[in-house]
Every structure is written in C-alpha cells, then in structure tokens.
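# Tertiary structure, described
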Amino acid sequence: MKSVISFRSFYIALPVGLGPMLILQLMFSNMTLYLLYSLHIDSFYYGVIILQGSDVLYMPVWQKILSKIGKKKSLALGSVMLIPIMVLLFFLPENNVVIAFIFCHLVGAGLSCLHLLPWSLLPDVIDDYVVETEVGNDALFYSFFQCFSRITQGVGLGLATLVLGFAGYETGACQQPESVNLTMRIIVSIVPTCIILVTLIFLWIYPINESRRSENQVTLAKRRELHRSSSAMVLRKRTTQDLEI
C-alpha cells in the first residue's frame, strides 16, 4: 500500500486526474443556478441540455485527438482551450440567451476532454509501476483513485453549497440577492480556471509521456513473452519426465 501511494507517477497523476473531476462537479452541479440567477435565463434547462449534449458529442473528437498526439498533450490542449472560455463566463451579459447557449456549447466541448482523459492516465501509471517493481497492484491503484475522486467531488460540492449559503442563497426563492450573482460567477468561472492552472503545473511534471508509455508497453510485452516461453519450457520438461517414467 505504501509503495502505491509513494509511487511518483501516481501521486503526480492524482491532482492531474482529480482537478478535472472537481471542475466537472462544479460546472454540472452549478450551471443551472448560474444560468438562472447570474444570467437570468428563464429557459436555463435548454442551456443545461446543450452543455451535457456537447460534453457527450465531443468525446469521439477528443478520442481521435488523443490517438494522434497522446494523452498528456491532449489534456494540456483541452485545458488551455478551456481557460479563456471559463474566464469569459465571469463577464457574460445578463438576459442574452444566444450568447449564454453558445458558451454552454463551448464549455461542454471543453469539459468533454476533462471527462475523457483523466481516467485514461491510470493504466499508464500501473504499467509504469509494474515495469519498475515487477509487481501488479491494479486493484489498489483503482481503489485509491476512486476513493480520492469521491472525496474530491464531495468536498467540492459541499464547499460550493457552503459558499452559496454565506452569499445569502435561499433554496426555492424566486429572487436572490446580488451577492449570489457574483458568487455563482466566481464558482463557475474563477474557481475552475484556478484549478486548471494548478492541474497544468502537475501535468507539466507528470513523467509519463508517449515515449515512456510506448517503452513500458514494449518492456511488458517482452516480459510476458519471456514468461510464456519459460512456462512452455517447464511444461515440456515435465512432459518429457513423465514419458520417461
């Protein structure tokens, strides 16, 4: 267990993976309130549908980009493209349905990258661990990552709810104080932007690039072939001994 937690590739991959998950949690759980109380869009549900639809629609696009330039570069590209969109969410005008829905589409397209890529880093971390230690601990890696992701999402949702409470948000009220408007803009714009910037720092020092990933796969393939050859030799030796008996 200690060797898994202290493994360099894993503890750097954790913030790289958990940062996007926290952003997804903040955006999907607060976009409705942002559209309704910050932008005053009565048909906010269409915006939410556009956001989620774009998220699903662009996954094949990001999958193709991933296969072309690699996981690390794809996540960096998606994050950098998302930064100006997130910043502009803070300044969107009120009561402008067209602009609001265009940005829902753009945000969904960017979030699709964050949705797809973080979990894809974990198999590479496991391969790197096996190459270095010759021990497989897949279950521990997935268990720790899942545990930390749940904690991160829960903390993010709880803090957002707490901040809204301090801002004067009243559940079910038709009118909210102006402080809620500002708070929602910060939650869906400034906070995700800061998380992206921190994630990019860890992504920069994340040690597994496409070259290292390919080398690990070749090394593991050779080990598997050697293991099969050794097993076959042992089996033939035992068969020969049995026949001699």
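Refer to the preceding data block for the structure.
Residues numbered from 1 in each chain as written. Predicted model: local features only at pLDDT ≥ 70, side-chain atom pairs only at ≥ 80, totals over all residues. Heavy atoms only, no water.

## Considerations on the packing of aromatic side chains
Here is the rule we go by: Pairing of aromatic rings covers Phe, Tyr and Trp, the last counted by its six-membered ring, and requires centre-to-centre distances within 6.5 Å; plane angles under 30 degrees mean stacked, over 60 mean edge-to-face, and any other angle means tilted. Strands here are runs of E lasting at least two residues and helices are runs of H or I lasting at least four, both read from the DSSP assignment and numbered beginning at the N terminus.
A complete count under the given rule lists 8 aromatic pairs for this structure. With centroids separated by 5.2 Å and ring planes inclined at 85°, the aromatic side chains of Phe7 and Tyr129 adopt a geometry described as edge-to-face. With Phe7 in the loop between helix H1 (2–5) and helix H2 (8–38) and Tyr129 in helix H7 (residues 118–133), the pair connects residues that are 122 residues apart, well separated along the chain. Ring geometry for Phe10 versus Phe141: centroids 5.1 Å apart, planes at 80°, classification edge-to-face.

## Considerations on the pattern of salt bridges
When their charged atoms lie close together, side chains carrying opposite charge are able to pair. What counts, and what does not: Salt bridges, as used here, are contacts in which a Lys or Arg side-chain nitrogen is within 4 Å of a carboxyl oxygen on Asp or Glu. Buried, partly exposed and exposed residues are distinguished by accessible area as a fraction of the type maximum, computed with a 1.4 Å probe on protein chains only: under 20%, between the cut-offs, and over 50%, respectively.
What the rule picks out here adds up to 3 salt bridges. Notably, a salt bridge pairs Arg212 with Asp128, separated by 2.7 Å at the nearest N-O pair. Pair noted here: Arg212 is in helix H10 (residues 210–244) and Asp128 is in helix H7, with a separation of 84 residues, a long-range link. Assessed through its relative accessible area of 28%, Arg212 is described here as partly exposed. For Asp128, a relative accessible area of 4% gives the class buried. Two residues, Arg213 and Glu210, come together in a salt bridge whose shortest N-O distance is 2.9 Å. Of the two residues, Arg213 and Glu210 both sit in helix H10, 3 residues apart, roughly one turn of that helix. Accessibility expressed as a relative area gives 29% for Glu210, which makes it partly exposed.

Spatial relationships are all this shows, so hold off on functional conclusions.
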